[in-house]
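Chain by chain, the residues:
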Amino acid sequence: AKEAGGGVYATYDPAMHDALVQRLELADDLRRALDRDEFVLHYQPTVDLATGEIIGFEALVRWQHPTRGMVPPLDFIPIAESTGLIVPIGRWVMAEACRQAVAWGRPLKMAVNVSVRQFEAGDLAATVASVLAETGMPADQLCLEMTESVLLTDTDENLARIVSLKALGVMLAMDDFGTGYSSLAYLRRFPMDVLKIDRSFIDRLDHEGDPLVDTIIRLGHRFGMTTVAEGIENEAQLAALRMMGCDFAQGYLLSRPLPSAAAGELLKTGLAV
Ligand code: C2E
Ligand code: CA
Ligand code: CA
Ligand code: CA
């Protein structure tokens, strides 16, 4: 920024201006993206660490923008949240993931990410119920992943929302566990089924294991949850997680998120782990 008279810095910053214009343009395009069928899901397998079997997938949304190419979720989910478009987009993601799981024709866990705005807007339980009914997906095969930010507003209203989701029979996962501020209190308060250990903990893991990750796994188990480690990139991390008794794993070492056809193939051949 250029120094203005009187030692005050002018706030006009061309780079910030460009970023804002880009955001507005993306928001505009995002409004039309659902109608134009521009979203696609990629599927990353979840692997049983004891058997090496693929027990399910996490659905991850991508936006095939007509001129910008593939837009990653971190570039448009925040815009979808601030505009409220996350609600219809999130419903589409859930329905598409369920349709795919049913089409694969075998019992599989399908995990979808649910953002705060989706959780707090309208009746998520009613949306989930209608998606299950229209796709024929068994409730206990659908897992909703929520970050701690969803649970951050620890109100009775949010607890009631969690309880009505549980009543449908779907599974609930606490995503990115350990990255928030008061994760421990949530464990007691919210009846979650799955604890996903954030990639930042896995990153610094070597074959010797790690007391913190070991403690998170035990903590999850003590609360009756299954544990999933995300972001496994090397064999040492895989071995350490096996040694520490983690149940399931995801990561580039096992498989990157794949388009549906490739994910279906992988389901047939299995993984060599
Ligand atoms: P997340 O839920 O924590 O998903 C895991 C992210 O880590 C994915 O990024 C995945 O591709 C990436 N990942 C998986 N294994 C590895 C690994 O071994 N190493 C590294 N470096 N990365 C790995 P992606 O697909 O870009 O998604 C980013 C985030 O966007 C997700 O984080 C999730 O918070 C959000 N997101 C994705 N799809 C949806 C959706 O349908 N709805 C909502 N609300 N959020 C979504
Ligand atoms: Ca997730
Ligand atoms: Ca995660
Ligand atoms: Ca994460």
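Within an unreviewed UniProt entry, the label attached to the chain reads EAL domain-containing protein, and the organism entered is Paractinoplanes bogorensis.

A.B. asks: Quick one: what's the story with the coordination of the calcium ion (ligand 2), residue by residue and with numbers?
C.D. replies: Surrounding the calcium ion (ligand 2) are the protein donor atoms Glu58 (OE), Asn113 (OD1), Glu145 (OE) and Asp175 (OD), at 2.2 to 2.4 Å. All donor residues of the calcium ion (ligand 2) come from one chain, and their arrangement in sequence is E-x54-N-x31-E-x29-D. A separation of 3.7 Å is found between the calcium ion (ligand 2) and the calcium ion (ligand 3), both of which receive a donor from Asp175. Of the two residues, Glu145 sits in strand S5 (residues 142–146) while Asp175 sits in strand S6 (residues 171–177), which places them 30 residues apart along the sequence. Taken individually, Glu145 and Asp175 each receive the classification buried, so the pair is uniform in this respect.

A.B. asks: Please provide a residue-by-residue account of the packing of aromatic side chains, values included.
C.D. replies: Here the structure, examined in full by the defined rule, presents seven aromatic pairs. Both rings, one in Phe57 and one in Trp104, keep their centres 4.9 Å apart while their planes meet at 35°; by these two values the pair is tilted. Of this pair, Phe57 sits in strand S2 (residues 54–65) while Trp104 sits in the loop between helix H3 (86–103) and strand S4 (109–113), and the two are 47 residues apart along the sequence. Ring pairs connect the aromatic residues Phe39, Trp63, Phe76 and Trp92, which therefore count as one cluster. Cation over ring: Arg256 sits above Tyr252, and NZ or CZ is 3.8 Å from the ring centre.

A.B. asks: Residue-level account of the site of ligand 1, with values.
C.D. replies: Looking at ligand 1, there are 22 residues lining it, with Gln44, Arg62, Asn113, Glu233 and Tyr252 nearest. Contact with the protein chains covers 84% of the free accessible surface of ligand 1, which is 810 Å². Taken atom by atom, the bulk of ligand 1 overlaps the largest pocket. Of all the secondary-structure elements, those providing two or more residues to the shell around ligand 1 are S2, helix H2 (73–83), H3 and S6. The residue inventory of the shell around ligand 1, partitioned by class, reads 10 nonpolar, five polar and seven charged.

A.B. asks: Give me the lowdown on helix H7 (residues 156–168), citing residues and values where you can.
C.D. replies: Between its first and last C-alpha atoms H7 spans 19 Å; for 13 residues at 1.5 Å apiece the expected length is 18 Å, and the two agree. Within the span of H7, buried status applies to Asn158, Arg161, Ile162 and Leu165. Projection of H7 onto a plane perpendicular to its axis shows the buried side chains occupying an angular sector of 95°, all on one side. Across H7 from its buried face, at more than 90 degrees, point the exposed residues Asp156, Glu157 and Ala167. One or two steps after H7, the chain reaches Gly169, where phi turns positive at roughly 95°.

A.B. asks: Run through the pattern of salt bridges, naming residues and quoting values.
C.D. replies: Considering all chains together, one arrives at 13 salt bridges under this definition. Arg99 serves as the salt-bridge partner of Glu96, at 3.0 Å between the closest nitrogen and oxygen. Note that Glu96 and Arg99 are positioned in helix H3 at a spacing of three residues, about one turn of the helix. Overall, Glu96 belongs to the partly exposed group, its relative accessible area being 24%.

Conventions used here
Residues numbered from 1 in each chain as written. Chains lettered and ligands numbered in written order. Predicted model: local features only at pLDDT ≥ 70, side-chain atom pairs only at ≥ 80, totals over all residues. Heavy atoms only, no water. Donors = N, O, S within 2.8 Å, 3.2 Å for Na, K, Ca; no water. Helix = DSSP H or I, 4+ residues; strand = E, 2+ residues; numbered from the N terminus. Buried < 20%, exposed > 50% of the residue type's maximum accessible area, 1.4 Å probe, protein only. Phe/Tyr/Trp six-rings, centres within 6.5 Å; stacked < 30°, edge-to-face > 60°. Lys NZ or Arg CZ within 6 Å of the ring centre and 35° of its normal. Near = heavy atom within 4 Å. Areas by Shrake-Rupley, 256 points an atom, 1.4 Å probe, with all protein chains shown as cover. 1 Å grid on protein atoms, 1.4 Å probe; cavity = no way out; pocket = protein on both sides within 12 Å on 5 of 7 lines; lining within 4 Å. Sits in = over half its atoms within 2 Å of the grid points. Nonpolar A, V, L, I, M, F, W, Y, C, P; charged D, E, K, R; others polar. Expected span 1.5 Å × (residues − 1). Arc of directions from axis to C-beta. Salt bridge = Lys/Arg side-chain N within 4 Å of Asp/Glu carboxyl O.

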